[in-house]
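# What the coordinates show
As a plain string of letters, each chain reads:
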Amino acid sequence: MKTRLILVGGFLGAGKTTLLWEAAQRLARRGQRVGLITNDQAPELVDTALLSRGDVNVAEVSGSCFCCNFQGLIDAMSNVSTEAEADVLIAEPVGSCTDLSATIVQPLKDLLGQELIVSPLSVLADPVRLTNILDGGTAGLHPSAAYIFRKQIEEADIIVISKTDLPTSAGLEALKARVTQAYPDAGISMVSVKTGEGLDAWLEEVMSRSDAGQRLAEVDYDVYAEGEAVLGWLNATIALSGEATNWNIFAKNLLSGLAQRFDSMGASVGHVKLMVEAGKSFLVGNLTGKSGTLSIRGLVAVSSEARLIINARVQMPPEMLEEVVREVLASASKGRITATPVAWRCLSPGRP
Ligand SMILES: Nc1nc2c(ncn2[C@@H]2O[C@H](COP(=O)(O)OP(=O)(O)OP(=O)(O)O)[C@@H](O)[C@H]2O)c(=O)[nH]1
Ligand SMILES: [Mg+2]
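Residues numbered from 1 in each chain as written. Chains lettered and ligands numbered in written order. Predicted model: local features only at pLDDT ≥ 70, side-chain atom pairs only at ≥ 80, totals over all residues.

Moving on: the site of ligand 1. In the vicinity of ligand 1 there are 22 residues, among which Gly15, Thr17, Thr18, Gly95 and Asn286 approach most closely. For the shell around ligand 1, the secondary structure elements donating two or more residues are α1 (16–29) and β10 (269–278). With three residues, α1 is the single largest residue contributor to the shell around ligand 1. Here the shell around ligand 1 gathers at least three residues from each of two domains, domain 1 (3–227) and domain 2 (231–347). (Near = placed C-beta within 6 Å. Helix = DSSP H or I, 4+ residues; strand = E, 2+ residues; numbered from the N terminus. Domains from an automatic or database assignment.)

Spelled out as structure tokens, the structure:
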């Protein structure tokens, strides 16, 4: 039997991992064997650690985005398919990656068409950022980063407006009408993982169709490279130890401290995510823009030891990002907690 691959793209913070988690649960309940694939410029991923907390196998492709590491994706697909005997693979490219239709979807169809069904390329878009992009704005991003956002939408077989619980229903209908008008050849789905609305309809569509890669975007790789290079990237895993600590309060202080610093510096946040784990309990924190976008979910038991994974993608030089994270981490630890880096990578993505 052929394995199905569902690619879920979209800009940083659009809601891809949240959708992967929920889609995997729903498919597993229908008796499907699911494997997930994450992707990033560097290892130490919140997404991998989080998705691994579910009941499905997860493989990670780290070091570069899928569009530059086709073989890495093939190997991950092969590993996770074998381990999970997967019927369905769901893969999330890095949020700053585009040109997937040309570099991934077409070659997969050509090379692995005998064993693989590729679902239409779904590209998630946050309604607030998408509205601003349609208005001709840059959604608070560097113009070249906004270019990547637009190219992702241009190559989508299905444009998936995510987080539909956030806008008013009138705002959502207006946005849908604008997307239909601007991209008449693309399919449109609207989903909220928070309320569950639209999820089964989207799943039905990607599970039944095989006409992937119907749209290609013309991508200027100089602008694409600049859009990635303006983002500082930090992936770190940190061992925390000290007094018995309420880790939810610690995580909130850390993330809000970072948000305040980025806001005061006028630095645009792509996505800052963190995970704190202690034994079986864990929490996830996200910041997808200014301070108001901060959210923490999950609950970690009070304990004296925990593990922190932090992934930050912020528009500033990586050295500056590193310094800000070090300072805010020290301040959130307040001398009561010892924060020992186990892995610490700070970089600016290389040319795609
Ligand atoms: N209100 C609301 N928030 C959502 C929904 N889906 C995701 N989010 C939130 O959006 C933020 C980013 O979600 P992720 O799933 O990590 O986004 P992502 O696209 O995987 O981000 P990157 O991997 O960094 O590119 C988190 O705070 C999620 O809780 C939704 O349906 N409604
Ligand atoms: Mg993700």
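What follows continues from the structure just given.
Running from N to C, helix α5 (residues 127–134) and helix α7 (residues 169–182) point in directions that differ by 50°, and their axes come no closer than 11 Å. As summarised for this structure, α5 and α7 are arranged oblique, according to the angle between their axes. By crossing handedness, the relation of α5 to α7 is classed as left-handed. Facing Pro127, Leu130, Thr131 and Leu134 of α5, the residues of α7 in contact are Leu172, Leu175, Arg178 and Ala182. (Axes fitted to C-alpha atoms, helices over the stretch in contact; angles between N-to-C directions. Parallel < 35°, antiparallel > 145°, perpendicular 65-115°, else oblique. Left-handed = near helix turned anticlockwise from the far one by under 90°. Contact = placed C-beta atoms within 7 Å.)

Taken together, six strands build an open sheet; the order of strands is β12-β11-β10-β13-β9-β14 and the sheet is antiparallel. Two strands lie at the open edges of the sheet, namely β12 (295–298) and β14 (337–347), each paired on one side alone. For this sheet the average axis-to-axis angle between neighbouring strands, irrespective of direction, equals 15°. Relative to strand β13 (residues 303–314), β10 is paired through eight bridges, and the arrangement is antiparallel. Each residue of the ladder has a partner; that of lysine 273, found in β13, is asparagine 311. Lying over the sheet, helix α11 (residues 318–333) contacts β9 (232–245), β13 and β14, oriented at roughly 10° with respect to β9. (Pairing = 2+ DSSP bridges.)

Counting residues in each nonpolar core, the largest one holds 114 residues, and the members touching the most others are Ile90, Ile159, Leu258, Leu274 and Val276. For this core, the leading source of residues is helix α10 (residues 247–265), giving eight residues. Counting residues domain by domain, this core receives three or more from each of domain 1 (3–227) and domain 2 (231–347). Aside from chain neighbours lying at most four places away, what touches valine 276 is Trp247, Ala251, Phe282, Leu283, Val300, Ala306 and Leu308. (Core = buried A, V, L, I, M, F, W, Y, C linked by C-beta atoms within 7 Å. Buried ≥ 20, exposed ≤ 12 C-beta atoms within 10 Å, placed from the backbone.)

With that out of the way, let us pick up the environment of asparagine 311. Structurally, asparagine 311 is set in strand β13. Using a count of 24 C-beta atoms within 10 Å as the deciding quantity, one classes asparagine 311 as buried. Sequence-wise, asparagine 311 and glycine 266 are 45 residues apart; in three dimensions their C-alpha atoms are separated by 19 Å. Excluding residues that lie within four positions of it along the chain, asparagine 311 makes contacts with Leu45, Val46, Asn235 and Lys273.

Another point: the domain arrangement of the chain. When cut into domains, the chain gives domain 1 (3–227) and domain 2 (231–347). A separation of 26 Å is found between the C-alpha centroids of domain 1 and domain 2. Listed by partner, the interface residues are 17 residues for domain 1 and 22 residues for domain 2. No other element matches helix α2 (residues 46–51), which puts three residues into the side of domain 1 that touches domain 2. Residues belonging to the side of domain 1 that touches domain 2 are distributed by class as follows: nine nonpolar, six polar and two charged. (Nonpolar A, V, L, I, M, F, W, Y, C, P; charged D, E, K, R; others polar.)

The description of two helices packed together rests on the angle between their axes and the distance between the axes. The interhelical angle for the contact between α10 and α11, taken along N-to-C directions, is 140°, at an axis separation of 9 Å. Compared by their axis directions, α10 and α11 come out oblique. Once α10 is placed against α11, the crossing between them reads as right-handed. Listed contacts from α11 to Phe250, Asn253, Leu254, Gly257, Leu258 and Arg261 of α10 are Val324, Val325, Val328, Leu329, Ser331 and Ala332.

Moving on, we get to helix α3 (residues 70–84). Under the 1.5 Å per step criterion, the end-to-end length of α3 is 21 Å for 15 residues, consistent within 8% with the ideal 21 Å. Residues Leu73, Ala76, Met77, Val80 and Ser81 constitute the buried set of α3. In an axial view of α3, the angular spread of the buried residues amounts to 125°, which keeps them on one side of the axis. Along α3, exposed side chains directed more than 90 degrees from the buried face belong to Gln71, Ser78, Thr82 and Glu83. Check the buried side of α3 and you find it contacts β1 (3–10), β2 (34–40), β3 (57–62), β4 (88–91) and α4 (100–112). At the C-terminal side of α3, glutamate 85 shows a positive phi close to 45°. (Expected span 1.5 Å × (residues − 1). Arc of directions from axis to C-beta.)

In this model α11 runs 22 Å from its N-terminal to its C-terminal C-alpha over 16 residues, within 8% of the 22 Å that 1.5 Å per residue would give. Those residues of α11 that sit buried are Leu321, Val324, Val325, Val328, Leu329 and Ala332. Projected down its long axis, α11 carries its buried residues within an arc of 125°, all on one side. Exposed and facing more than 90 degrees away from the buried side of α11 are Glu319 and Ala330. Buried positions along α11 lie against β9, α10, β13 and β14.

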